[in-house]
Amino acid sequence: MKQYIKLSMVYILCSFLFAQKIPVNPNHSIYPYLYRQSTSGILPQWIQSVRPLNIEQVLSLLNKVIKDDKVDIKSRLLAEQFISEFKSPEFSGTNLPFSKNNKLKHLLSYNISDVEPHLLSLKNDSSSLWIDWSENLVISSSNDYQMYFQDKISLNTIISNRISGYTEFSMNRLVWKNKGTIIESVLPPDSIDWYNYNNEWAKFFPEVKSIFWYNSQAGISIDYDKLNFNIGRQNHSWGWSPNFSPILSGNGMPFSYFQIQINYDKIRFRSLHGSLMPFSPYEMHKRVYNPSKYIAAHRGEIDITNNFTISITELAIYGNRNLDLDYLNPVQWFWAVEHNTGDRDNLLIGIDYSWRIKPSMRLYQVMILDELTWSKIFEPWWGNKFIFQSGFHFIPSSNPSIPDIRIEYTISRPWIYTHKDTVNTFSSANISLGYPFGPSSDLISISTNFFPSSKIYIKGSFDYFRKGSGLGSSINHNYIDRDPILDNDTPFLLNPINYNRIVTLSIDYRISRYIDIHCRINSLSKNDNQIRFGINWNW
């Protein structure tokens, strides 16, 4: 009977695995769940090296979890729950709001057998389209902000077995207690401190005492067996750290790009070329001329064994000119090209590995090299610009209700990510593309994730970091302006040093397929404690 149930789940799942290259939100709880299964040895390691994953990958991975006899009942229950959430609409024809197959049912109860709701869906043979609508309300204890609203609408489509696409738009409204002070209509980015604000163009409307800003993402994917081509606008995270990757961390505003991916047995390769913002939207609106800025990046991974994966990444930031054909070639070595064309771009190389020491224990390390002189490698020379990160992930039990433990240490030298041409800094809209704390800093991060039940997800973290504040401690600094007296005596942390602590606790509770509530508590070293309560509606 048990084997029959497994085969039935696999059959149902396979009917939804066609060309669903639609990305899954990087903040979705599916990621910590899959990472647990990966570190435990149920799933391969590569799923932890790149985000976002797409729906097809997620469904395929969940299928592997269900088929594995070593998976406990609670993990299998969660896998089945996620499958029911991510599979595409199953009712044929057009399903309008409140129609026979699209009624509001079970608003205050949650069952795995419930169909994931969509505002509108169309399904015909191998093609389908569905529209989702969500509303998010957050009440905050902050001294400056009272409430936050987000309206989001998304459209997803599977055009054929090889082509899929999506588009998403959201409007954000933040109620601001300006206490009668006069403020300018369009706000500079450093005047807004909110968890999901990433330097977007923001405008204050005094009639409603609110700040408004907008977000959009979109993409089209074409699949040819082991080759995938996609073009779109989204964030990218490359590296083994979920939140602090020094390669690409997924922070900031999404950027437009096109990407090629190749998966061949134990080898994976991806190459992207994207358009970045040289300044924040606030600054760009004020300038008469805005220079161009691009990123070219490619990453190759190889599984030496099932438990040991090694990767190499090249990244180049360039601007003030048109698209460079040398960087458009996905298999071109950027290191040679950049040197042979005048050393005018910002080139970084990353080397990393992940080692599953045994099921439930995984070690990973990353080294990012911006510049290095081997004869001075052990000396405090200013040009030794690198970031080193080491992390350890431990799963004490296969039971998802038992917390996992992740410990990371990251250290960055001054001047990393910077350049002699400030347009070429490793950033977009003045936000770092890589390690969030930038040059001249170090970080100890301890985090945990667990699922007390199929409806509840809890995560917590403790981050302690030191940050230098002299010249060379910001990605926006120009290393031509450095102090030559410090050229041969540049410490890791530039004085004066700031000491910071961040403690977070987040709890998500899913009431039904339509409604979930969440609570987030932040405690900062500057005695700025914040509690946020939110409720989210999805249809």
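Description of the structure in this document. (Residues numbered from 1 in each chain as written. Predicted model: local features only at pLDDT ≥ 70, side-chain atom pairs only at ≥ 80, totals over all residues. Heavy atoms only, no water.)

**Here's the deal with the overall build of the protein**
Secondary structure assignment for the protein yields seven helices and 26 strands. Each of the three principal axes of the protein carries a C-alpha extent, and together these read 75 × 60 × 45 Å. Split into buried and exposed, the 539 residues of the protein put 51% on the buried side. Here the analysis covers contacts within the protein between residues at least 6 apart in sequence; of these, 64% occur between residues at least 24 apart. A total of about 24,500 Å² of accessible surface is found on the protein, and carbon and sulfur atoms cover 60% of it. In the protein, which carries 52 positive and 48 negative side-chain charges, the distance between the mean positions of the two groups comes to 6 Å. (Helix = DSSP H or I, 4+ residues; strand = E, 2+ residues; numbered from the N terminus. Buried < 20%, exposed > 50% of the residue type's maximum accessible area, 1.4 Å probe, protein only. Contact = heavy atoms within 4.5 Å. Areas by Shrake-Rupley, 256 points an atom, 1.4 Å probe, with all protein chains shown as cover. Lys, Arg positive; Asp, Glu negative; His and termini not counted. Charge placed at Lys NZ, Arg CZ, Asp CG, Glu CD.)

**Some words on the sheet that holds strand β11 (residues 248–249)**
Taken in spatial order, the three strands make up an open sheet running β1-β10-β11, and their pairing is antiparallel. Each having just a single partner strand, β1 (50–51) and β11 make up the two edges of the open sheet. Note: strand β10 (residues 237–238) against β11, two bridges, orientation antiparallel. Within β11, the residue paired with Trp238 across the bridge is Leu248. (Pairing = 2+ DSSP bridges.)

**Focus: helix α3 (residues 55–67)**
Taking 1.5 Å as the rise per residue, α3 with 13 residues should run 18 Å; its terminal C-alpha atoms sit 18 Å apart, in good agreement. Most of α3 is tucked away: ten of the 13 residues are buried. Within α3, burial applies to Ile55, Glu56, Gln57, Val58, Leu59, Leu61, Leu62, Asn63, Val65 and Ile66. Capping the start of α3 is the job of one residue whose side-chain oxygen sits 3.1 Å from the backbone nitrogen of Glu56: Asn54. (Expected span 1.5 Å × (residues − 1). Polar contact = N/O pair within 3.5 Å; in protein donor to acceptor, adjacent residues only side chain to side chain.)

**A closer look at the pattern of salt bridges**
Within the structure shown, the criterion is met by 15 salt bridges. Note that Arg268 is salt-bridged to Asp303, the shortest N-O span being 2.8 Å. In this pair, Arg268 sits in strand β13 (residues 267–275) while Asp303 sits in strand β14 (residues 293–305), placing the two residues 35 residues apart along the sequence. For the residue pair Arg268 and Asp303, the accessibility class agrees, reading buried in each case. Here the residues in one salt-bridge network are Arg268, Arg299, Glu301, Asp303 and Asp352, joined through shared partners. (Salt bridge = Lys/Arg side-chain N within 4 Å of Asp/Glu carboxyl O.)

**Quick notes on the nonpolar core**
Counting 29 residues, the largest nonpolar core has Ile30, Tyr33, Leu34, Val58, Leu62, Phe82 and Phe86 as its most contacted members. At the level of elements, α2 (30–39), α3 and α4 (73–86) are the ones that each hand at least two residues to this core. The element contributing the most residues to this core is α3, with seven residues. Among all residues touching Tyr33, those that are not within four sequence positions of it are Leu62, Val65, Ser75, Leu78, Ala79, Phe82 and Phe451. With 28 residues, the next largest nonpolar core counts Trp238, Leu272, Ile295 and Tyr417 among its residues. (Core = buried A, V, L, I, M, F, W, Y, C linked by side-chain atoms within 4.5 Å.)

**Considering unusual backbone geometry**
Residues apart from glycine generally show negative phi values, whereas peptide bonds are mostly found in trans. With omega at 0 degrees, the peptide bond leading from Arg51 into Pro52 counts as cis. Examined against the element boundaries, Pro52 turns out to sit in the loop between β1 and α3. For the bond running from Asn495 to Pro496, omega is -5 degrees, close enough to zero to count as cis. Note on placement: Pro496 falls in the loop between β23 (456–468) and β24 (497–510). The backbone of Asn199 shows a phi angle near 70 degrees, a positive value even though the residue is not glycine. With respect to the helices and strands, Asn199 occurs in the loop between β6 (163–176) and β7 (203–205).

**Remarks on the side chain of Ser134**
As for its position among the elements, Ser134 is in strand β4 (residues 127–140). Relative accessible area serves as the criterion here: at 10%, Ser134 is assigned to the buried category. For Ser134, the contacting residues outside a window of four places in its chain are Gln150, Asp151, Lys152, Trp537 and Asn538.

**Side note on the packing of aromatic side chains**
This structure, assessed with the given rule, holds 24 aromatic pairs. Taking 6.2 Å as the distance between ring centres and 85 degrees as the angle between the ring planes, the aromatic pair formed by Tyr33 and Phe451 counts as edge-to-face. Of the two residues, Tyr33 is situated in helix α2 and Phe451 in strand β22 (residues 441–453); the sequence distance between them amounts to 418 residues. The pair formed by Tyr33 and Phe451 is uniform in burial state, with each residue classed as buried. Taking the centre distance of 5.3 Å and the plane angle of 90 degrees together, the rings of Phe205 and Phe212 count as edge-to-face. Here the aromatic cluster, defined as three or more aromatic residues joined through ring pairs, consists of Tyr148, Trp194, Tyr195, Tyr197 and Trp213. Its end group placed over the ring of Phe492, Arg413 keeps NZ or CZ at 5.0 Å from the ring centre. Geometry around Trp382 places Arg482 over its ring, the cationic atom sitting 3.8 Å from the centre. (Phe/Tyr/Trp six-rings, centres within 6.5 Å; stacked < 30°, edge-to-face > 60°. Lys NZ or Arg CZ within 6 Å of the ring centre and 35° of its normal.)

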